[in-house]
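Read off the chains here:
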Amino acid sequence: MSEKAEKVGVVVSNKMQKSIVVAVEWQVRHGLYGKTERRTSKFMVHDEKGDAKIGDRVSIVETRPMSRRKRWALKEVLRPAAAV
């Protein structure tokens, strides 16, 4: 049995019901110049209980397709957003 893919990112939107948008950032080296650059991907994530807030650092796990764009589910909130 294969392991499910897991990613860590930051919540950028929680305006939907039972859904959040998580931005996952990683670094890649430029092929010619060797400088590292940051790249970002945004994932639609299923959040059944609605416990993730904007700015939270969260762990997400791959799951069955929930809708056209939603293929990830919230695993846990790793670090809540700093209270302002």
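Now for a description of the structure that goes with this document. (Residues numbered from 1 in each chain as written. Predicted model: local features only at pLDDT ≥ 70, side-chain atom pairs only at ≥ 80, totals over all residues. Heavy atoms only, no water.)

### With respect to the overall build of the chain
In step 1: Within the chain one finds zero helices and five strands.
In step 2: Going from N to C terminus, the chain has its helices and strands arranged as β-β-β-β-β.
In step 3: When the 84 residues of the chain are sorted by exposure, 29% land in the buried category.
In step 4: The contacts of the chain with a sequence gap of at least 6 include a subset with a gap of at least 24, amounting to 47%. (Helix = DSSP H or I, 4+ residues; strand = E, 2+ residues; numbered from the N terminus. Buried < 20%, exposed > 50% of the residue type's maximum accessible area, 1.4 Å probe, protein only. Contact = heavy atoms within 4.5 Å.)

### A few points about the sheet that holds strand 3 (residues 36-46)
In step 1: Taken together, five strands build a closed barrel; the order of strands is 1-2-3-5-4 and the barrel is mixed. Strand after strand, the sheet turns through a mean of 50 degrees between neighbouring axes, direction not considered.
In step 2: Where strand 4 (residues 57-62) and strand 5 (residues 70-79) come together, six bridges link them in antiparallel fashion. Within the sheet, the bridge partner assigned to serine 59 lies in strand 5 and is glutamate 76. (Pairing = 2+ DSSP bridges. Axes fitted to C-alpha atoms, helices over the stretch in contact; angles between N-to-C directions.)

### Points about the pairing of strand 1 (residues 6-13)
In step 1: The sheet contact formed by strand 1 and strand 4 spans five bridges and is antiparallel. Its bridge partner lying in strand 4, lysine 7 is registered against isoleucine 60.
In step 2: Between strand 1 and strand 2 (residues 19-29), which pair antiparallel and follow one another directly, the connecting turn spans five residues, one of which, lysine 18, has a positive phi of 60 degrees.

### Details of the pairing of strand 3
Within a regular strand, the side chains alternate between the two sheet faces.
In step 1: Bridge count between strand 2 and strand 3: 11 bridges; the pairing is antiparallel. Its bridge partner being in strand 3, alanine 23 is matched across the sheet by lysine 42.
In step 2: Connecting strand 2 to the antiparallel partner strand 3 that follows it, the hairpin turn spans six residues, and glycine 34 within it adopts a positive phi of roughly 80 degrees.
In step 3: Here strand 3 runs beside strand 5; their pairing, made up of three bridges, is parallel. Paired with valine 45 across the bridge in strand 5 is tryptophan 72.

### Remarks on the nonpolar core
In step 1: Ranked by size, the top nonpolar core spans 11 residues in total: Val11, Ile20, Val22, Val24, Phe43, Val45, Ala52, Val58, Ile60, Trp72 and Leu74.
In step 2: Residue assignment for this core shows that the elements contributing at least two residues are strand 2, strand 3, strand 4 and strand 5.
In step 3: It is strand 2 that contributes the most residues to this core, three residues altogether.
In step 4: The residues contacting isoleucine 60, other than those within four sequence positions of it, are Ala5, Glu6, Lys7, Val22, Phe43, Val45, Trp72, Ala73, Leu74 and Lys75. (Core = buried A, V, L, I, M, F, W, Y, C linked by side-chain atoms within 4.5 Å.)

### Details of the environment of serine 19
In step 1: Residue placement: serine 19 occurs in strand 2.
In step 2: Overall, serine 19 belongs to the buried group, its relative accessible area being 9%.
In step 3: Not counting chain neighbours up to four residues away, the residues in contact with serine 19 comprise Asn14, Val45, Asp47 and Lys70.
In step 4: One polar contact links serine 19 to lysine 70, side chain to side chain, over a distance of 2.7 Å. (Polar contact = N/O pair within 3.5 Å; in protein donor to acceptor, adjacent residues only side chain to side chain.)

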